[in-house]
Every structure is written in structure tokens, then in C-alpha cells.
Amino acid sequence: MAYFEYFPLIPYDVRGTKEVNIQFITNILVRARKKLEVTNVSLFSQYFILDTDRPDTLAHQIYGDSELHWIILYANYMTNPYYDWPLTSFDLNNFITEKYKDSGGMYGVHHHEDTDGYEIDALTFDKGTMTWGATPNATPVTNFSYEEKKNDNKRKINVIKNEYISQIISEFKNIVG
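Residues numbered from 1 in each chain as written. Predicted model: local features only at pLDDT ≥ 70, side-chain atom pairs only at ≥ 80, totals over all residues. Heavy atoms only, no water.

Novice: Any chance you could break down helix α1 (residues 55-63) for me, citing the residues and the numbers?
Specialist: Buried residues of α1: P55, L58, A59 and Y63, and no others. Here the buried residues of α1 occupy an arc of 100 degrees about the axis, which is enough to place them on one side. Those residues of α1 that are buried lie in contact with β3 (44-48), α2 (69-75), β9 (156-160) and α6 (165-176). Directly beyond the C-terminal end of α1, a positive phi value near 75 degrees is found at G64. (Buried < 20%, exposed > 50% of the residue type's maximum accessible area, 1.4 Å probe, protein only. Helix = DSSP H or I, 4+ residues; strand = E, 2+ residues; numbered from the N terminus. Arc of directions from axis to C-beta. Contact = heavy atoms within 4.5 Å.)

Novice: Requested: an account of the nonpolar core, with residues and values cited.
Specialist: The biggest cluster of nonpolar side chains holds 23 residues, and the ones touching the most others in it are Y63, L68, I71, W85, I157 and I160. Put simply, the parts of the chain that give this core at least two residues each are β3, α1, α2, β9 and α6. Top element by residues in this core is α2. It accounts for 6 residues. Apart from residues no more than four positions distant in its own chain, I160 is found in contact with L43, F44, Y63, I71, A75, I165 and I168. Formed by 5 residues, the second largest nonpolar core is a distinct cluster that contains L92, Y100, M106 and F144. (Core = buried A, V, L, I, M, F, W, Y, C linked by side-chain atoms within 4.5 Å.)

Novice: Tell me about the side chain of H111, and name the residues and values.
Specialist: Along the chain, the position of H111 falls in strand β4 (residues 109-113). Its relative accessible area of 9% is what places H111 among the buried residues. In this structure the side chain of H111 is engaged in a polar contact, spanning 3.0 Å, whose partner is the side chain of E113. Here H111 is in contact with E119, T139, P140, V141 and Y146, once residues within four sequence places are set aside. (Polar contact = N/O pair within 3.5 Å; in protein donor to acceptor, adjacent residues only side chain to side chain.)

Okay, here's the thing in C-alpha cells:
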């Protein structure tokens, strides 16, 4: 039940020279999205992705088949597991260290928030005194906290229940085939 086995084959000249050598290859450019916004919550279970989870290990745990990893990605509109799947703690730390190495590092200030969590300016201009001053209740948010929150927002996903898997595979075959 590998993902690409459902994709159509296309004729392709594998040599690209005057001697034509046509072979049939998998058309990896085909893309499929869920046809409808499925809002029936009875089709899904909620799952919180743990630090050690990967799409293939989660598919094995839930469906008993690691090759069904694409169904987990498909159900959550994830097209690139490297960017759409949450990073592990180790990878997140490395990512933040590299990304912010020239702008304050991991614990440099990313932005400021008010007490409601809205992003605000750290300084406010006082028209009466014509000076800049600290914004009341402006809480600094570090680069680490900002990136960790973005990463954690990716952890809550929908997992299609086992009883609907054959229907999803059939629908997928019709879309890409």
C-alpha cells in the first residue's frame, strides 16, 4: 500500500537523445487534496504528536502498516513532512540556534506581547512629553518561545479512524488514477 503505487504511469523518454527509449514511469507530479472539507468529527480521532512520533511510526501504531503514513499527512493537509510535521526537541533547538545565530540567539527577544497575547511594540511614543517610553505590560517573547509555540501548534492532528481507511484509499485511487 505504498503511496506512489496508486499514481498513473506515463511514457517518458529516459535517454533524451536521438535514440528514443520510452519507458513507463510513475507520474510523481500528480497531487491530490481532500475533495471536500470533511467536518464530520466522527471520521477522525484527535492525536497529539509526541517528540518521538513520525508519520510512518504513527501509521504503524494506528493502522498496523507504516506505508499508510501518507493517510496521516493527507488527512491533515500536510504536503511536506519536513516542514509540516513538528520538529523533535533536538531538531528544534538546532533549527533555532541556526536561524537566530545573528539576531540574539535562542534567547534573544523575538517580539513583545500584551497580557492578552497580542504582539505589540516594546516602545510607545508619549505625545504629551514627546518621548519614547516602555509600553506598559509589554512582555518579551524569546526566539525560542516563539518557535517552540509554532512547533507545538503542529502537534494536534486529526487521524482518520480505521474503519474508514479502505474508503479513503479507494477515493485516493480515483483522484490520482
